[in-house]
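Spelled out, the chains give:
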Amino acid sequence: MTSDEIRERFLSFFESRDHRRLPSGSLVPAEHDPSVLLTTAGMHPLKPYFQGREKPPHHRLTSCQKCFRTPDIDVVGTTTRHLTFFEMLGNFSIGDYFKKFAVEQAWQLVTSPDGFGFDPDKLWATVYRGDGDVPADEEAIALWLEVGVPPERIMRLGGDNFWQAGPVGPCGPCSELHYDRGEEVGCGRDECGPDCDCDRFIEFWNLVFMQYNMLDDGSLEPLPRPSIDTGAGLERVTMLAQGVDSAYLTDAFGDVIEVIEGWSGARYGHTPGETKALKVLADHGRAMSFLASDGIEPGNEGRGYVLRRVIRRAILFGHRIGLEDAFLVRLHARVVELLRDAHPELGHEEPRVAELLAAEEERFSRTLETGGKLLDDVLAGSGDEVSADDAFRLHDTYGFPIELTVEIAGEHGKRVDEAGFATLMDEQRNRARSAIVTGRAEVSALESDFQTEFVGYERLDVTTQVGAIHDQGDGTALVKLRESPFYPKGGGQVADSGWIESDAARAAVEDVVRVEDDQVIVVRLEHGELHPGERVRAHVDLEARRPTMANHTATHLLHAALRGRLGDHVTQAGSYVGPDKLRFDFRHSGPLTPDELADIERTVNEHVVANHPLHIFVTSRDRAGELGAMMLFGEKYGDHVRVVEVPEVSRELCGGTHVRSTAEIGPFVVTRETSSSQGIRRIEAITAGAALAHLRAEAAEAQALRSRVAELESEVKQVARAAPAPPAAENGSVAGLIDGASEEGGVRIVAAVVADADGDQLLQMSDRIRSRLSPAAVVLGGDAGGKAHLVASFDGGAQERGLSAVDVIRAVAPIVDGGGGGRAAMARAGGSNPAQLAEAVQAAEDAIRERLRS
Ligand code: ALA
């Protein structure tokens, strides 16, 4: 049995028991689940159904979900069964069946010959032994006994048998099925059992009896309706079904191990080092290809860091068995070839992923040699601990993920000062932050004893004083004003442009840099010189600021309209607000339909026309939270926050500049809807003057099209007038055919052979016949070009009587040695034996009559 067959057997087994089959979701969890980094179980994409927040498409579901388990990265290579990336088969009941049916189905699928066909004598079940508030699962024990598992192979276990999807959310006791591979495999201890870590007992299916929701404080509340969530590792089931010693030797990995053996000369099973390296490469090869194909890019945080760790660990282990130049890209190509049929995204993303892997491989390989030397020195040193400084240098200079350093040190019996390392990392982060704060500026020259007061919410033209100035020597200068009307870039909104002017000088404002709560402007001198202490007039460019404000308020209205139309899972993932347009990125899966987009555009315009006045105020963060103001996930806010409210429509924390009332936005037009990355949609829109210009251009285009259509219509009329009448013969024959029509059960039947007519001509003739007879069934044969042509054409009345053109044509085409196809209304066929045409047409007529008589 191949892994593809096992996947299919599982899914169709449950399909035939009324489960709806769902496609795998992305490895990047859906937008409604910020609690997990990557999808680790089949139930992840279904969480809102279990929690009763969304209505499931069906109460029984089944899927094969791509999963990734980060904690296993360092374990991979050391056992036969651990994988980071794997596929999880699952069946789910959303408040439908519970334990009994779940246990019965699982047992049947696992033991029956057309399921997995496992020997029941090798199977063990584990159940939850209870703890504190949650009692032992006696019910599950009784159910396993009932299906035939003997009591001595049912084991009560603790923590492992209580499953939860993340720190909070649906959870419950679970039962695991284990396969005993026999005494000769594994640790050989007498007490070895399903709770042993060795490779003898393989856990391959977990049945979670989901009945609680875990809250933030760790307490459990009952779920609205108890549910079932199961997960079977496809690769593990395959390993057991194929009777091989390791998941890596199953067809889920194809010939990847052999291919790497061929490149490197290393042999699986030869030395522990070689075997480990081969497993790491086989696993990480799949892992990196799938992670990157789901839109993740290597980076220093979050998912990007997971991908980077996997890639760098693979490179290191590759080097250990002598693989060097660009082997990662070759490995990726092999994985894609192997798995692209089951996972088409691998094929679609291949060029992008190959490029990204090549860049990452180049970057890390370059430093690996020098970094590797440092590591060797460190490991050769005395003492049993790698210092924080060394670990930090390996990380910072050579790009060694700390986990990799810990792993390698561990191989040499050494620890790493991880706490010290964390402190050094924090210090570095703080340094980086102050570097950003002083930013593009040697603001040291500007380190002034005052903070600029931003007055640009209210005033766009002020007289103020230059507090400090620093000439950058390239025609630009950094200037600190006492009061500034200029908005510094932030919250998606671009910086204002404008100018400052003294009696003797004038300078254009090129940028406004936010320095925490303070700001510095970057100016280019047009003439004269500016000096500290001088009075200047500071003026914001209104041509840019006005549309920017319109776009910013429109962004809030758009956000509210999206949530109203699509649901509360829509949250902001990024934005751009400038004078030219607005762009809003938000979490949502799948493109918006034209209807949804039209509704959203209409809603925003309705709010514009309603001319809501904006209400903007500063309050405590807690109060804003009580008011339900939208805050961005992961964003840090101070104790006092600014709330921008369009009464009854939207309430967001925002530091941006806004119109006074919504009518100032003018028309709102969506110009594009695209995807920006996995699970994130992007809408671009314009307002005010830009929208007006856009609508005018569209109207002009529509007018031009209308004129062109009118021209074409008159041309068509002229051509029709000049065209010769259809050949008399054909006209005559149509008239003759109509005259010769017979009738059966109220349907007029025309069945005839027309000499020298091809398929298209027959079709035209049948159309003309049908326009004069109704209800009508027309079958015509023709023998143009030495071939047989058949056409059947039935109108609605004939079809209502049970006639289908395609059925008739399919039945008679073989008579002229041909074949054909079509629909119930019209079908045609070609054949190589025109001599049989009359017989075919007669057979068609007989079939029609028979059908009409029945
Ligand atoms: N969600 C359960 C697991 O991942 C089935 O083990």
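Provided above is the structure to which this section pertains.
As the structure is a computational prediction, the values presented were derived from the model and not from experiment. (Residues numbered from 1 in each chain as written. Predicted model: local features only at pLDDT ≥ 70, side-chain atom pairs only at ≥ 80, totals over all residues. Heavy atoms only, no water.)

### Remarks on the site of the ligand
Argument step 1. Lining the immediate environment of the ligand, one finds A41, M43, R69, M88, W163, N206, V208, D229, T230 and G231.
Argument step 2. R69 places a polar side-chain atom, nitrogen or oxygen, 3.0 Å from an oxygen atom of the ligand.
Argument step 3. In this structure, a nitrogen atom belonging to the ligand sits 2.7 Å away from a side-chain N or O atom of D229.
Argument step 4. Put simply, the parts of the chain that give the shell around the ligand at least two residues each are β8 (201–214) and β9 (220–233).
Argument step 5. If you tally residues by element for the shell around the ligand, the top one is β9, at three residues.
Argument step 6. For the shell around the ligand, a count of residues per class yields five nonpolar, three polar and two charged. (Near = heavy atom within 4 Å. Polar contact = N/O pair within 3.5 Å; in protein donor to acceptor, adjacent residues only side chain to side chain. Helix = DSSP H or I, 4+ residues; strand = E, 2+ residues; numbered from the N terminus. Nonpolar A, V, L, I, M, F, W, Y, C, P; charged D, E, K, R; others polar.)

### A word on the nonpolar core
Argument step 1. Ranked by size, the top nonpolar core spans 124 residues in total, and within it F68, F118, W144, L177, F204, W205 and F400 carry the most contacts.
Argument step 2. The element best represented in this core is helix α7 (residues 272–293), accounting for ten residues.
Argument step 3. Other than its neighbours up to four places away in sequence, F118 contacts V110, T111, L123, Y179, F204, V237, L240 and A241.
Argument step 4. Of all hydrophobic cores here, the second largest spans 28 residues; its members include A550, A554, V670 and A685. (Core = buried A, V, L, I, M, F, W, Y, C linked by side-chain atoms within 4.5 Å. Buried < 20%, exposed > 50% of the residue type's maximum accessible area, 1.4 Å probe, protein only. Contact = heavy atoms within 4.5 Å.)

### Concerning the pairing of β9
Argument step 1. Across four bridges, strand β3 (residues 85–93) lies against β9 in antiparallel orientation. Within the sheet, the bridge partner assigned to M88 lies in β9 and is G233.
Argument step 2. From the end of β8 to the start of β9, which pair antiparallel, there are five residues, and G218 there has a positive phi angle of about 85 degrees. (Pairing = 2+ DSSP bridges.)

### What about the sheet that holds strand β29 (residues 776–782)?
Argument step 1. Spatially, six strands are ordered β27-β28-β29-β30-β32-β31 in an open sheet, and the strand pairing comes out mixed. The open sheet has two edge strands with one neighbour each: β27 (742–744) and β31 (818–822). Here the average twist between neighbouring strands, direction ignored, is 15 degrees.
Argument step 2. As paired strands, strand β30 (residues 788–794) and strand β32 (residues 826–831) are joined by six bridges and run antiparallel to one another. Pairing of V791 across the sheet is with R828, part of β32. (Axes fitted to C-alpha atoms, helices over the stretch in contact; angles between N-to-C directions.)

### Brief notes about helix α6 (residues 256–264)
Argument step 1. Here α6 has its buried residues at V256, I257, V259, I260 and E261.
Argument step 2. Contacts from the buried residues of α6 go to α7 and α9 (327–339).

### Considering the pattern of salt bridges
Pairing of side chains with opposite charge becomes possible as their charged atoms draw close.
Argument step 1. Here the structure, examined in full by the defined rule, presents 54 salt bridges.
Argument step 2. Residue K100 is joined to E146 by a salt bridge in which the shortest nitrogen-to-oxygen separation is 3.2 Å. Of the two residues, K100 is situated in helix α3 (residues 99–111) and E146 in helix α4 (residues 138–147); the sequence distance between them amounts to 46 residues.
Argument step 3. Given the relative accessible area of 43%, K100 is considered partly exposed.
Argument step 4. A salt bridge links R602 to D599, with the shortest nitrogen-to-oxygen separation between them at 3.2 Å. Highlighted residues: R602 and D599, both in helix α16 (residues 594–609), separated by three residues, approximately one helical turn.
Argument step 5. If you follow the salt bridges from partner to partner, you end up with K276, R313, R320, E407 and E411 in one network. (Salt bridge = Lys/Arg side-chain N within 4 Å of Asp/Glu carboxyl O.)

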